[in-house]
Amino acid sequence: MRKVIGIGETILDIIIRDGKPTGAVPGGSTFNTMVSLGRMDTPAVFLTDLGDDHVGSVIREFMKDNGVDDTYVSVWPDKQSPVSLAFLDKDNNAQYEFYRQPFPTEREPLLPEVTADDVVVFGSYYALDPATRPRVSALLSLARERGALIVYDVNFRVNHRAEAVKLTGTLLENLEFADIIRGSNEDFRILYGLADSEAVYRQQTAFYCPRLVYTCGAEGVRLHAGGGVSRSYESLPVPALVSTIGAGDSFNAGLIYGLLRYRVRRADLDSLTADDWDHIVGCALAFAANTCQSLENYVDRGFQV
């Protein structure tokens, strides 16, 4: 059976509304993606770092309770697991403050078995940070060698804007590794000063990867998949918007779920039709809409699409 392997940061998100804490949920971009997939009974393996503390224990237990294999979580003694404060505004969008300390670098990264047509998902600053890059690079190289399908979530935030030029080489490596790139209009505006998906695709990503899924929040999605396939999608209505935290991460989960559901393998990507993409992106939109209806960062337990 095909599995999904994710790598990224894990953090405990403390949610603040009107100046008061209203909840605490484990988070992290790729972490959220993996939990949504685990809740859909998709075989999911996650690589991350945690401290040997109470927060880390809570997060690992949460992973197991949600069907995510924690075998490849590196647990570090005498280190604290990361925590963030997520401040919700009147529109339920979040601004973050992070509290974290660096973890040691593993000399020989512990990696899971990767087989052909498994899906590997990675992204965010974790995929660019020199401290975590060796483990990310090792996994991506193994995935490419074994013929896995690689999904890259750019997820580049404004607090790293000053590092963009310094990180260009690593970013380009990530684009080259990817079979599908998913990025938001905010990501590409910060990186390239571009606000048009066609310009981003033609000028920045198509040379490295022929498939770009460009998300614009409530304004929908633009798809550029090569071979003349270019589509626009409207976001699904959300009956009761509670929080947008994790919506993009669940979109990624839905995209991967769609690839698995419709039995899309790496060798099939170039031959996907517009109708094929409609089904795949439709799953992603449904996942994102569901996540916006709760304070959790993932799809509901029992969610169906």
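Please read all numbers here as calculations on a predicted model, not as lab measurements.

The next subject is helix H4 (residues 168-177). For H4, every residue scored as buried is listed here: Thr170, Leu171, Asn174, Leu175 and Phe177. Projection of H4 onto a plane perpendicular to its axis shows the buried side chains occupying an angular sector of 165°, all on one side. In this fold, the buried residues of H4 make contact with strand S9 (119-123), helix H3 (133-146), strand S10 (149-153), strand S11 (180-184), helix H5 (185-192) and helix H6 (197-205).

With 5 of its 7 residues buried, strand S2 (residues 11-17) lies for the most part within the structure. Relative to strand S3 (residues 20-27), S2 is paired through 7 bridges, and the arrangement is antiparallel. Counted as the bridge partner of leucine 12 is proline 26 from S3.

Our next topic: the sheet that holds S3. In space, the 4 strands of this open sheet follow the order S3-S2-S7-S8, with mixed pairing throughout. Only two strands of the sheet have a single partner each, and these edge strands are S3 and strand S8 (94-99). Here the strands of the sheet are splayed against their neighbours by 25° on average, with no regard to which way each runs.

Val4, Phe31, Met34, Ile180, Ile256 and Trp277 are the most contacted members of the largest nonpolar core, which totals 52 residues. Looking at which element gives the most residues to this core, the answer is helix H8 (residues 274-291), with 9 residues. With near-sequence residues (within four places) excluded, methionine 34 lies in contact with Val4, Ile5, Gly6, Ala44, Val45, Phe46, Val68 and Val121. The next biggest cluster of nonpolar side chains, apart from the first, holds 39 residues, and it includes Ile5, Leu128, Ala148 and Cys209.

Rules used in this analysis
- Throughout, residues of each chain are indexed from 1 in the direction in which the sequence is written.
- Totals for whole chains, interfaces and linings use every residue, but because this is a predicted model, local features are given only for residues with pLDDT of at least 70 and side-chain atom pairs only at 80 or more, for both listing and counting.
- Hydrogen atoms and water are omitted, and side-chain values are computed over all heavy atoms in the structure.
- Under the scheme applied here, a residue whose accessible area is under 20% of the maximum for its type counts as buried, over 50% as exposed, and between as partly exposed, the area being computed with a 1.4 Å probe on protein chains only.
- Numbered from the N terminus, helices here are DSSP runs of H or I no shorter than four residues, and strands are runs of E no shorter than two.
- Directions are taken from the helix axis to each C-beta atom, and the arc is the one they span.
- Whether two residues are in contact is decided by their heavy atoms: any pair within 4.5 Å suffices.
- What makes two strands pair is DSSP finding at least two bridges between them.
- The axes are straight lines fitted to the C-alpha atoms, using for helices just the contacting stretch, and the angles between their N-to-C directions are given from 0 to 180°.
- Buried Ala, Val, Leu, Ile, Met, Phe, Trp, Tyr and Cys residues that are joined via side-chain atoms within 4.5 Å together make up what is termed a nonpolar core.

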